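Structure assessment
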Protein chains: 2
Amino acid sequence: MNENIQNILFDIEQYIDNQFKTNQPNSLYEPIRYIMSLGGKRIRPLLCILASQLYKTDYQKVIPSAYAIELFHNFSLVHDDIMDNAPLRRGLPTLHEKYDTNTGILSGDVMLIYVYEYLLKNADNQATNIISIFNKTSIEVCEGQQMDMDFEKSNSIKIADYLKMIELKTAVLLGAALQIGGILGGANDSDAKCLYQFGVNIGIAFQIQDDILDTFGDPTKFGKKVGGDISNHKKTLLHLLALQNANDFQISRINKAYDHEEEQTKIQSVTAIFKELNVQVLALEYQQNYYKIAFDYLEKVNVDKNKKQDIIQLATNLFNREN
Amino acid sequence: MNENIQNILFDIEQYIDNQFKTNQPNSLYEPIRYIMSLGGKRIRPLLCILASQLYKTDYQKVIPSAYAIELFHNFSLVHDDIMDNAPLRRGLPTLHEKYDTNTGILSGDVMLIYVYEYLLKNADNQATNIISIFNKTSIEVCEGQQMDMDFEKSNSIKIADYLKMIELKTAVLLGAALQIGGILGGANDSDAKCLYQFGVNIGIAFQIQDDILDTFGDPTKFGKKVGGDISNHKKTLLHLLALQNANDFQISRINKAYDHEEEQTKIQSVTAIFKELNVQVLALEYQQNYYKIAFDYLEKVNVDKNKKQDIIQLATNLFNREN
């Protein structure tokens, strides 16, 4: 990462450290400080600020809005972790695990309200515009989470449904981060929309990459356990592509493979059929397609090409990672 | 209730009926329609509209904001019911009981986001002002709920802490409903602040009345079971006043009374000591004090006295109810 990106990351972390330091009751706010301090790549606030820098180098006034997006992202993780009964987040106890479920619900709620407080800071005459964009996006994130939960009980998910789900659940927030940053920097409507589309499409591509790495990643480099999605019988793009391309005999073999009681056998058996059906290559085609659409939109953003280098570097780095 | 109040209530119910009719996924929005259809007295949206009518008779443009307040109130009930493990709400299954806890969390979240969507409608150049007022208020509601949960584990609650808790948890939202309605009608700063204070103080008085009725209400008229607070060992104002006024011997008798296994014996024993300590009268003094402060603030609102009659009628009716 270059110096500019490093500076931004430093400022974001410092801003995060300085929030909710004295709020009372402590039992409500300490959990928020905890979850916000767990780290993560801070991609969303980073993209928000980089988008503003396409128009204005000084980004100090954008930091509260960038923070708002990161706060919302963490709010959604807190509530999702309760819903998924997840014990760990970034290798440490999830908020509801460290405190309790009621605290997780209520601290999450107050995080969501504070998102709007931070979005109002420095937004000046763009405040209602930015809140409208954020409302649309955050509603979609909830709808995506609901679709994801509904999919667990469904056996007739189409690939288009899955792509819509990941678009809503994860990609639109990247789009909104870029769009809001752009607007705060001074982007016109057309640029702001292209930045949004760049974010959404790159977000879908990231998620597909996550699906691929979860099954086909290098166990020595992948942060989580390879095969987790198969172990949990998650209906990822790989799974749906496998079903789409399998004949009746292969479908019954896939179902049998998922039925293995022993986890490693299950992961190996399902992975073997996925390989046989070439799903890694097919998924990669989807990923590259979204990647290309994303960069076509970035191309259309009407600013000097060398100003886009940091966004390009960040996005490229995220695709070259193996974890 | 007079014709104007009846008309407003009709319009509020009709507006409620018309929201979230086609939103997808249905699994996310049907629960919202369910909880919003359960009824209730609709006091908050009613106060919001009546406050706007102090300045402007036609209230059609205020309905979305009034609805936003009612939506927020129901959001908080949905999440509180999960935290309190409550099976029933207005005599029917709570949202998380009818659907499930995950649905309760996520439908609640999306309700909270939609509150901001509705607050933006028709707020025009007051939008950021209204959102700031709402943010402050809704943060306080969460803080009050957290204090309430913290109190369950504490044995050193002072009456001032309790009054602060009910102010945050329930009263400030009544204040905000009136303040926002006033602003949308065209109130100046001074009037808007007096309306807020009227709402907060009348809200505290309502809550104290609830505490009194829960123990001393007429079982044939009170909607809930009389004695519920004692049965749950809730640290209400009555309980705190009893402790404050009891000698050591009476305190040990109170503790013993709460220890009764049989519910009716427990309720009767604790109630008997409350009566002995005169707590109903003491609590009533608190209630009347807040009631008086409230009406002093309403008096200061700089509009013709006869325009205030509907608000006065509504508040008075609410105090004359026995359920």
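Keep in mind it's a predicted model, so treat the numbers as computed, not measured.

1. So, the overall build of chain A
Counting its secondary structure elements, chain A contains 15 helices and two strands. Taken over the C-alpha trace, chain A has a radius of gyration of 20 Å; the compact-globule value for 323 residues is 20 Å, and the two agree within 12%. Taken along the three principal axes of its C-alpha coordinates, chain A extends 60 × 50 × 35 Å. Residues counted as buried form 47% of the 323 residues belonging to chain A.

2. Some words on the relation of the copies chain B and chain A
Overlaying chain B on chain A yields an RMSD of 0.0 Å, the required transformation being a rotation through 180 degrees with an accompanying axial translation of 0.0 Å. What the rotation and shift describe, once combined, is the action of a two-fold rotation axis. A shared binding surface is used by both copies, with 100% of the interface residues of chain B retained as interface residues in chain A.

3. Looking at the interface of chain B and chain A
Taken together, the 30 residues of chain B in the interface contact 30 residues of chain A. With 14 residues, helix H7 (residues 127–152) of chain B is the single largest residue contributor to the side of chain B that touches chain A. Along the lines of polarity and charge, the residues of the side of chain B that touches chain A split into 17 nonpolar, nine polar and four charged.

4. Notes on the packing of helix H4 (residues 63–83) of chain A against helix H8 (residues 159–185) of chain A
Residues and elements named next belong to chain A. Packing of H4 against H8 leaves a shortest axis separation of 10 Å and a crossing angle of 165 degrees. Between H4 and H8, the crossing angle belongs to the class labelled roughly antiparallel. Along this stretch, H4 crosses H8, giving a crossing that reads as right-handed. For the pair H4 and H8, the contacting residues are Ser65, Ala66, Ile69 and His73 in the first and Leu173, Ala177, Ile180, Gly181 and Leu184 in the second. Looking at the contact of H4 with H8 residue by residue, the classes come out as six nonpolar, three polar and no charged.

5. Topic: the domain arrangement of chain A
All names here are of chain A. Partitioning chain A into domains gives domain 1 (1–186) and domain 2 (188–323). Using C-alpha coordinates to define each centre, domain 1 is positioned 22 Å away from domain 2. Each side of the interface is counted separately: domain 1 has 28 residues, and domain 2 has 25 residues. Elements that contribute at least two residues to the side of domain 1 that touches domain 2 include exactly helix H1 (3–17), helix H3 (43–53) and H8.

6. Concerning unusual backbone geometry
With an omega of 0 degrees, the peptide bond running from Gln24 of chain A to Pro25 of chain A counts as cis. Relative to the helices and strands, Pro25 of chain A resides in the loop between H1 and helix H2 (26–37). We note that Asn122 of chain B has phi near 65 degrees; this positive angle belongs to a residue other than glycine. Of note, Asn122 of chain B is situated in the loop between helix H6 (101–120) and H7. Of note, the phi angle at Asp124 of chain B is positive, near 45 degrees, even though the residue is not glycine. Of note, Asp124 of chain B is situated in the loop between H6 and H7. Exposure remark for Asp124 of chain B: the 11 C-beta atoms within 10 Å place this residue in the exposed category.

7. What to know about the environment of Asp109 of chain A
Here Asp109 of chain A lies in helix H6 (residues 101–120). Along the chain, Asp109 of chain A and Ser76 of chain A lie 33 residues apart, while their C-alpha atoms are 9.7 Å from each other.

8. Focus on the nonpolar core
Grouped together as the largest cluster of nonpolar side chains are 194 residues, with contacts concentrated most on Cys48, Val115 and Leu119 of chain A together with Cys48, Val115 and Leu119 of chain B. If we ignore the near neighbours within four places in the chain, the residues touching Cys48 of chain A are Val62, Ser65, Ala66, Ile69, Ala177, Leu178, Ile180 and Gly181 of chain A.

9. What about the environment of Met36 of chain B?
All names here are of chain B. Locating Met36 in the fold gives a position in helix H2 (residues 26–37). Looking at Met36, the number of C-beta atoms within 10 Å reads 19, which means it is partly exposed. Considered as a pair, Met36 and Lys266 are 230 residues apart in the sequence and their alpha carbons are 36 Å apart. Those residues in contact with Met36, other than ones at most four positions away along the chain, are Ile16 and Asn74.

10. Considerations on helix H14 (residues 279–300) of chain A
Residue and element names in this part refer to chain A. Along its 22 residues, H14 runs 32 Å from first to last C-alpha, staying within 8% of the 32 Å computed at 1.5 Å per residue. Taken as a whole, H14 has its buried residues at Val279, Ala283, Gln287, Tyr290, Tyr291, Ala294, Tyr297 and Leu298. The buried residues of H14 occupy an angular sector of 120 degrees when the element is viewed end-on, so they sit on one face. Exposed residues pointing more than 90 degrees away from the buried face of H14 are listed as Val281, Glu285, Lys292 and Glu299. Contacts from the buried residues of H14 go to helix H9 (189–216), helix H11 (237–245), helix H13 (263–276) and helix H15 (309–320).

11. As for the confidence of the model for chain A
Confidence in the prediction for chain A averages 95 pLDDT; 99% of positions are at 70 or higher. The ipTM assigned to the predicted complex is 0.96, against a pTM of 0.96.

Scoring rules and cut-offs
Residues numbered from 1 in each chain as written. Chains lettered and ligands numbered in written order. Predicted model: local features only at pLDDT ≥ 70, side-chain atom pairs only at ≥ 80, totals over all residues. Helix = DSSP H or I, 4+ residues; strand = E, 2+ residues; numbered from the N terminus. Rg over C-alpha atoms; globule rule 2.2 N^0.38 Å. Buried ≥ 20, exposed ≤ 12 C-beta atoms within 10 Å, placed from the backbone. Least-squares fit on C-alpha atoms with pLDDT ≥ 70 in both. Contact = placed C-beta atoms within 7 Å. Nonpolar A, V, L, I, M, F, W, Y, C, P; charged D, E, K, R; others polar. Axes fitted to C-alpha atoms, helices over the stretch in contact; angles between N-to-C directions. Parallel < 35°, antiparallel > 145°, perpendicular 65-115°, else oblique. Left-handed = near helix turned anticlockwise from the far one by under 90°. Domains from an automatic or database assignment. Core = buried A, V, L, I, M, F, W, Y, C linked by C-beta atoms within 7 Å. Expected span 1.5 Å × (residues − 1). Arc of directions from axis to C-beta. pLDDT = per-residue confidence, 0-100.

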